[in-house]
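Reading the structure
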Amino acid sequence: MKTKTMKINKSHKFNSFDFITYLFIIIAFIIVYFLLSGGKLNNQQVGWIIPVCCYMTMAISLNLTVGILGELSLGHAGFMSIGAFTGVVSYIAFSEAIPNTVLRVVISMIIGALMAAIFGFLIGIPVLRLNGDYLAIVTLAFGEIIKDIINCLYVGFDSKGLHFIFGAFSKKTAADLKLADDGIVIINGAVGVSDLKLPSSSIAETIRANAKASGTKIKASVAKLEGNTVMFIIGAVLVLVSLIIILNFIRSRTGRAVMAIRDNRIAAESVGINVMRHKMIAFVISAALAGAAGTLYAMNMPTLQSTKFGFDTSILVLVFVVLGGLGNMLGSMVAAALLYILPELLREFSTYRMLIYAIVLIIVMLATNNPLLKNFISKICSGIKSIFAKKNKKAAVADNISGGDNNG
């Protein structure tokens, strides 16, 4: 009887802040979906949606490394670039084998995530043996190395398959790929990816073709809008899946072990926690999610260069994490959305745009470190938690009573 009661009580444990996080993100996505599908957003605003989803995923994935694991990584954009270019190559290479655009995008994202996870594992073997500033410097170097490697990489695709050339130590160019007449250069060294047919355009063409086959006509603008809506749904699903993975990881036994390592490594080792193993798990998950975000980001860009994923991008994502709060996934996602959109809104003030942006960052940092504001937020959170605690307590009592009646 006692065992059953303990299991019932344990099953009713519920983290109210996780519920708030899921609810807030779902409501935000529903609002954006109706605005997008209803044609309430202009072309510029539509162009923000996919990058915001990507940076939200990047922010929570880096927060897993910085906030939960407690290690400062300055090369997170390197994993994003691996996912981006691997995803583009996969997307084009599977164009005949997988004609369905949405399925091809999803598979490309999975491949990009797996490739980033592999690199995360290989890099994590030497890097995670370091701590503090040393780890930050090595991850920074990794990000720059990846960028330079892609600058020297030539990839093409034809009827014979994929062709690769690494031109770092030679004067080879894309012409040396020796592609067939039906071949296409996917990655052209420092030029990167150019003239990529966006998935949203392919989806729009499919919609128009299906409508024409059924004897109905659909405007190009309407088909384009539906294509953008489908890509937004993919982005929203990516953010939600990433959030589910990270929050469940944090609440798991492995996640608690990772936080124990962050708080006191010596104490964690003394109770038998394998420090290297648990740090590697968190680092690889973080890298994989960044790779998936990179693939989706590339699917929204007709041209793509490795310089986009340099040190500046790593610092930008780190700013999202710091402003949102270390270990605070909801805060990181909100910060990513607001701080990406803010510079775009300030483009009309071209001369003072970054000055205003910097002032806003300073004000936000001062506000979030204000004791009065912290106390106010903590009171709100404690009030919400008490409401959920009362509901869980009533549910547990009801289950105990029903369990006693069944035993009787």
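Residues numbered from 1 in each chain as written. Predicted model: local features only at pLDDT ≥ 70, side-chain atom pairs only at ≥ 80, totals over all residues. Heavy atoms only, no water.

Take the overall build of the chain next. Scanning the chain for helices and strands turns up 15 helices and three strands. Buried residues in the chain amount to 44% of all 408 residues. A sequence separation of at least 24 residues applies to 74% of the contacts in the chain between residues at least 6 apart. (Helix = DSSP H or I, 4+ residues; strand = E, 2+ residues; numbered from the N terminus. Buried < 20%, exposed > 50% of the residue type's maximum accessible area, 1.4 Å probe, protein only. Contact = heavy atoms within 4.5 Å.)

Attention now moves to a nonpolar patch on the surface. A cluster of nonpolar side chains, contributed by Ile26, Ile30, Tyr33, Phe34, Ile233, Val237, Val241 and Ile245, occupies part of the molecular surface with about 670 Å² of accessible area. Where the nonpolar patch is concerned, the elements lending two or more residues are α2 (16–37) and α8 (220–251). Looking at the secondary structure, you find Phe34 in helix α2. Residue Phe34 is classed as exposed on the basis of its relative accessible area, which comes to 56%. (Patch = residues over 30% accessible without salt bridge, like charges linked within 9 Å, V, L, I, M, F, W, Y side chains within 5 Å. Areas by Shrake-Rupley, 256 points an atom, 1.4 Å probe, with all protein chains shown as cover. Salt bridge = Lys/Arg side-chain N within 4 Å of Asp/Glu carboxyl O.)

A separate point is the packing of helix α3 (residues 43–69) against helix α11 (residues 275–298). Interhelical geometry of α3 versus α11 gives an angle of 170 degrees and a closest axis separation of 9 Å. When the interaxial angle is binned, α3 and α11 end up roughly antiparallel. In this structure, α3 contributes Ile50, Pro51, Cys54, Tyr55, Thr57, Met58, Ser61, Leu62, Leu64, Thr65 and Leu69 to the contact, and α11 contributes Lys279, Ala282, Phe283, Ile285, Ser286, Leu289, Ala290, Ala293, Leu296 and Tyr297. Looking at side-chain class alone, the contact of α3 with α11 contains 16 nonpolar, four polar and one charged residues. (Axes fitted to C-alpha atoms, helices over the stretch in contact; angles between N-to-C directions. Parallel < 35°, antiparallel > 145°, perpendicular 65-115°, else oblique. Nonpolar A, V, L, I, M, F, W, Y, C, P; charged D, E, K, R; others polar.)

Mapped onto the secondary structure, Asp18 falls in helix α2. Given a relative accessible area of 9%, Asp18 falls into the buried group. Here Asp18 is in contact with Leu247 and Arg251, once residues within four sequence places are set aside.

A few words on the pairing of strand β2 (residues 161–166). Looking at chain direction, strand β1 (residues 153–158) and β2 are connected through six bridges and run antiparallel. By the bridge assignment, Val155 is partnered in β2 with Phe164. Remark: two residues form the turn of the hairpin made by β1 and β2, two consecutive strands paired antiparallel. (Pairing = 2+ DSSP bridges.)

With that settled, the discussion passes to the environment of Ser214. Mapped onto the fold, Ser214 is located in the loop between α7 (199–213) and α8. For Ser214, the side chain forms a polar contact with the main-chain oxygen of Ala211, separated by 2.9 Å. At 3.3 Å, the side chain of Ser214 and the side chain of Thr216 are in polar contact. (Polar contact = N/O pair within 3.5 Å; in protein donor to acceptor, adjacent residues only side chain to side chain.)

Our next topic: the packing of aromatic side chains. According to the stated counting rule, one finds nine aromatic pairs in the structure shown. On the numbers, 5.8 Å between centres and 75 degrees between planes, the contact of Phe29 with Phe232 is edge-to-face. Within this pair, whereas Phe29 is found in helix α2, its partner Phe232 is found in helix α8, the two being separated by 203 residues in sequence. Put simply, the rings of Tyr55, Phe85, Tyr297, Phe309, Phe320 and Tyr340 touch in pairs and so form one group of aromatic residues. Stacked on the ring of Tyr91, the Lys or Arg Arg104 has its end atom at 4.3 Å from the ring centre. (Phe/Tyr/Trp six-rings, centres within 6.5 Å; stacked < 30°, edge-to-face > 60°. Lys NZ or Arg CZ within 6 Å of the ring centre and 35° of its normal.)

What follows covers the pattern of salt bridges. For the structure shown, the criterion picks out six salt bridges. A salt bridge links Lys279 to Glu71; the shortest N-O distance between them is 3.2 Å. Taken together, the residues Lys279 in helix α11 and Glu71 in the loop between α3 and α4 (76–93) connect sequence positions 208 residues apart. An identical accessibility class is assigned to Lys279 and Glu71; each is buried. Across the pair Arg262 and Asp263 runs a salt bridge whose closest N-O atoms are separated by 3.1 Å. Accessibility expressed as a relative area gives 58% for Asp263, which makes it exposed.

Turning our eyes to something else, we now look at the confidence of the model for the chain. Of all residues in the chain, 85% have pLDDT values of 70 or greater, and the mean over the chain is 83. Contacts of residues 1–14 to residues separated by more than four positions or lying in other chains number 15 contacts, the stretch itself having pLDDT below 50. (pLDDT = per-residue confidence, 0-100.)

To continue, consider the side chain of Thr229. Relative to the assigned elements, Thr229 resides in helix α8. Here Thr229 falls in the buried class, since its relative accessible area comes to 8%. Residues in contact with Thr229, not counting those within four places in the same chain, are Tyr33, Leu36 and Ser37.

If you walk across this open sheet you meet the three strands as β2-β1-β3, and the pairing is antiparallel. Because the sheet does not close on itself, it has two edges, and the strands there are β2 and β3 (184–188). The mean inter-strand angle of the sheet, taken between neighbouring strand axes irrespective of direction, is 20 degrees. Across four bridges, the pairing between β1 and β3 is antiparallel. Each bridged residue has a counterpart across the sheet, and for Phe157 the counterpart in β3 is Ile184. Across the sheet, α4 touches β1, β2 and β3, and the angle it forms with β3 is around 175 degrees.

Below, the discussion takes up the environment of Lys160. Relative to the helices and strands, Lys160 resides in the loop between β1 and β2. Sequence separation of Lys160 and Asp182 is 22 residues, and the distance between their C-alpha atoms is 9.8 Å.

Our next topic: the state of the cysteines. As enumerated under the stated definition, the model contains zero disulfides in all. Lacking any disulfide linkage, Cys54 is separated from the closest cysteine sulfur, that of Cys53, by 6.8 Å. (Disulfide = S-S within 2.5 Å.)

Between helix α5 (residues 101–127) and α11, whose axes approach to 7 Å, the crossing angle comes to 145 degrees. Between α5 and α11 lies a crossing whose hand is right-handed. Counted together, Ser108, Met109, Gly112, Ala113, Ala116, Ala117, Gly120, Phe121, Gly124 and Ile125 of α5 and Met276, Met280, Phe283, Val284, Ala287, Ala288, Gly291, Ala292, Thr295 and Leu296 of α11 form the full contact between these two elements. Residue composition of the contact of α5 with α11, by class: 14 nonpolar, six polar and no charged. (Left-handed = near helix turned anticlockwise from the far one by under 90°.)

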